[in-house]
Amino acid sequence: MNDNKDNVRDTARDDVRGDLRDDVRNDTPDDVRDDVREDVRGRVDGLVAVGRPSEARAVARTALADDGPEAGLFLALARAHMAEDDDDHDDAAERVFREGLDASPDDIGLLAGYAELCTRSDSMDRPGRHARGPVLLARLREIAPESVELKRAEAAGSSVSTNARNSASVHRVQSFDAARAFAEAPTPQAAADQAAQWAAAAPRDLRFAVLAETTAALAATGRTWFRLLLCRGVEYRFATGLVVAMLIVLRITVLPAIPYGMAAGLGLLLGLPFLGLRRLLRAARERAADRIAAAMSVSASVSEAAPGAEAGDGAEPGDGADADGDAETRGDTEARGDDEEAAVGGDGPGVPELPPVPRVTRREYAFAGAGLALLFAVGGTSYAASLEYPRYDIVAHDTFRGLQGFELREEFDPFGAISDGELNDSTARVYAAADAAPDAAAEYLVAVTTGDFHEMRESFVDDDGLFPAVTDQEGVVHESWQAETGPYGAWMRCLRYTEAGTGTPRAMCVWGDKGSIGMVLFTAADENHEAVEETARSVGTAFLRPAAD
């Protein structure tokens, strides 16, 4: 029994509220209703601008439910769906456009917005919607041939819209405004204070809100480095590129021992501060969006109170308040409304008009040109170095270190795999005692060639691909290692093995650079790596001489 009474009471209360809302809607003057709707549309557009389309849709739906169909509210709701950039929301936006056009068939804003949606849709996924675009544009040309809405709708069909071609990114606008504020203010804190005053005078302006949050964050203690990156980021990037380019040129020309990874690592290390700056700027934009959303909420409460105050004008003196009391109350309400509107409204006195942000400044053009010149310089140096190679002359000794030399090329040609176009000269000899038996092991086997090997890399030597590997029939390999440097700074690799036929301990070292390839085998009972490498270098320098210019 009590439940039934509660249900009846709730239903009656809802009916009374609905009747009151209808009375307010009917009794509210048209100009006040238009102002409220304009404010709602502004709030919806503002919420979309700060990246809160779901809240924008809720505001628009509430306004449509309270005030009834209105073309501007339908357009704002549809754009809040389109801001999601999602197929389902695009479908919802189309339904909103159709509902709005049913109520206002010739509204220019709805026609233009629907045309934008249709022309931007994919002709394969949504062929019907895409085909409706030209029909809507034709209708716009009939009723508003010179309108801005028509031009915007026509540009929507381009692969890159007019706004995208002519506007700067959010990050660039934020950086431009903050750098300009710091440059014009005597101190960073003065810039932050000035931006805070502007944002307070125009609390619904997203650009001022972002500027205030950004300058406040960068003016804090310990943010000098971030301010430098913000104001002189172009110069810093150019200096970083210059340092990396110098390391690369040094690596190519005079310091081949420097790895390329060092230049890449230094470039990444010098670029790390920009990651911190981007995080700081992103957080400032998020705080600015929260500030704008809060201002929208305050504006919404003021707008909702305004029609009720106006509706009070129709109250009768016998409804619990005399005429003077109504006037006094209404005056207080209007005064409070004016104060709150000033606190959340548009540009106040003393708020400047922020300049447009250029997509590219002349200073950036200048540094971009310098960067391209630097890139061409490094590329040209690299290309020239890749074509250049050291020239050597081969010294073929008939005797070497008291040993007799014998030509080996007829029986063993270690350079048969190298094309004749790359070879300039070569020799392959063995050295043994003059009175040694014919089957005695030679003390040295030396094979050297010169030519254009400018594609030679360290990996070619490390892969043991320059000469045939020692097989099991030839000997047992004990160890292999990468040597420090070969003759004249070449890349070199050595190994130790025991000769299969004679049991003689041997060492073999192979080397290569852009102008020579060589191999030396010799008797090496000593297991010292440094001794083996030094012997190989001394033999190589004895058979190779830098060519005279």
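Residues numbered from 1 in each chain as written. Predicted model: local features only at pLDDT ≥ 70, side-chain atom pairs only at ≥ 80, totals over all residues. Heavy atoms only, no water.

### Re the pairing of strand S5 (residues 444–451)
- Summarising burial for S5: eight of the eight residues are buried, a large majority.
- Side chains of S5 alternate between two faces, with Tyr444, Val446, Val448 and Thr450 and Leu445, Ala447, Thr449 and Gly451 buried alike.
- Here S5 runs beside strand S9 (residues 516–523); their pairing, made up of seven bridges, is antiparallel. Bridging from a neighbouring strand, Val448 pairs with Gly518 of S9. (Buried < 20%, exposed > 50% of the residue type's maximum accessible area, 1.4 Å probe, protein only. Helix = DSSP H or I, 4+ residues; strand = E, 2+ residues; numbered from the N terminus. Pairing = 2+ DSSP bridges.)

### Side note on the packing of helix H5 (residues 87–103) against helix H6 (residues 108–120)
- Where H5 contacts H6, the axes come no closer than 10 Å and their chain directions differ by 155°. Relative to H6, the element H5 is oriented roughly antiparallel. Taken as a pair, H5 and H6 cross one another with a handedness that is left-handed. Every residue of H6 that contacts H5 at Asp90, Ala93, Glu94, Phe97, Arg98, Gly100 and Leu101 is listed here: Leu110, Leu111, Gly113, Tyr114 and Leu117.
- Partitioning the contact of H5 with H6 into residue classes produces seven nonpolar, two polar and three charged. (Axes fitted to C-alpha atoms, helices over the stretch in contact; angles between N-to-C directions. Parallel < 35°, antiparallel > 145°, perpendicular 65-115°, else oblique. Left-handed = near helix turned anticlockwise from the far one by under 90°. Contact = heavy atoms within 4.5 Å. Nonpolar A, V, L, I, M, F, W, Y, C, P; charged D, E, K, R; others polar.)

### Points about H6
- Its 13 residues give H6 an end-to-end C-alpha distance of 18 Å, which sits within 8% of 18 Å, the value for a rise of 1.5 Å per residue.
- Across the 13 residues of H6, eleven count as buried, placing the element largely inside the fold.
- For H6, the elements touching its buried residues are helix H4 (71–82), H5, helix H7 (127–143) and helix H8 (148–155). (Expected span 1.5 Å × (residues − 1).)

### With respect to helix H12 (residues 206–218)
- For H12, built from 13 residues, the straight-helix expectation of 18 Å at 1.5 Å per residue is met to within 8% by its first-to-last C-alpha distance of 18 Å.
- In terms of burial, H12 is largely enclosed, as ten of its 13 residues are buried.
- For H12, the set of buried residues is Phe208, Ala209, Val210, Leu211, Ala212, Glu213, Thr214, Thr215, Ala217 and Leu218.
- Between a side-chain oxygen at the N-terminus of H12 and the backbone nitrogen of Arg207 the separation is 3.0 Å; the capping residue is Asp205. (Polar contact = N/O pair within 3.5 Å; in protein donor to acceptor, adjacent residues only side chain to side chain.)

### Here we look at a negative patch on the surface
- Taken together, the side chains of Asp85, Asp86, Asp87, Asp88, Asp122 and Asp125 define an acidic patch exposed on the protein surface.
- Along the chain, Asp122 turns up in the loop between H6 and H7.
- Owing to a relative accessible area of 40%, Asp122 belongs among the partly exposed residues under this scheme. (Patch = residues over 30% accessible without salt bridge, like charges linked within 9 Å, V, L, I, M, F, W, Y side chains within 5 Å. Areas by Shrake-Rupley, 256 points an atom, 1.4 Å probe, with all protein chains shown as cover. Salt bridge = Lys/Arg side-chain N within 4 Å of Asp/Glu carboxyl O. Lys, Arg positive; Asp, Glu negative; His and termini not counted. Charge placed at Lys NZ, Arg CZ, Asp CG, Glu CD.)

### What to know about the pairing of strand S7 (residues 491–499)
- Here strand S6 (residues 475–482) pairs with S7 via seven bridges, running antiparallel. Each residue of the ladder has a partner; that of Trp481, found in S7, is Cys494.
- Judged from the eight bridges that link them, S7 and strand S8 (residues 505–512) form a sheet pairing that is antiparallel. In the strand pairing of S8, Met492 is matched with Trp511.
- The hairpin turn running from S7 into S8, its antiparallel successor, is five residues long, and Gly503 in that turn takes a positive phi close to 75°.

### Focus: a nonpolar patch on the surface
- Taken together, the side chains of Leu250, Val254 and Leu255 make up a nonpolar region of the molecular surface, amounting to roughly 240 Å² of accessible area.
- Within the secondary structure, Val254 is located in the loop between helix H14 (233–253) and helix H15 (260–311).
- We classify Val254 as exposed; its relative accessible area is 55%.

### Topic: the nonpolar core
- Within the largest apolar cluster, 34 residues are counted, with the highest numbers of intra-cluster contacts made by Val44, Phe97, Leu110 and Tyr114.
- Where this core is concerned, the elements lending two or more residues are helix H2 (30–49), helix H3 (53–67), H4, H5, H6, H7 and H8.
- No other element matches H4, which puts nine residues into this core.
- Setting aside residues no more than four positions away along its own chain, Leu110 makes contact with Ala71, Phe74, Leu75, Phe97, Gly100, Leu101 and Ser104. (Core = buried A, V, L, I, M, F, W, Y, C linked by side-chain atoms within 4.5 Å.)

### Observations regarding the environment of Ser382
- Turning to its location among the elements, Ser382 is positioned in helix H17 (residues 362–387).
- In this structure the C-alpha to C-alpha distance between Ser382 and Val249, which are 133 residues apart in sequence, comes to 7.4 Å.

### Remarks on the environment of Pro105
- Residue position: Pro105 is located in the loop between H5 and H6.
- Using a relative accessible area of 51% as the deciding quantity, one classes Pro105 as exposed.
- Spatially, the C-alpha atom of Pro105 lies 9.4 Å from that of Ala71, the residues being 34 residues apart in sequence.

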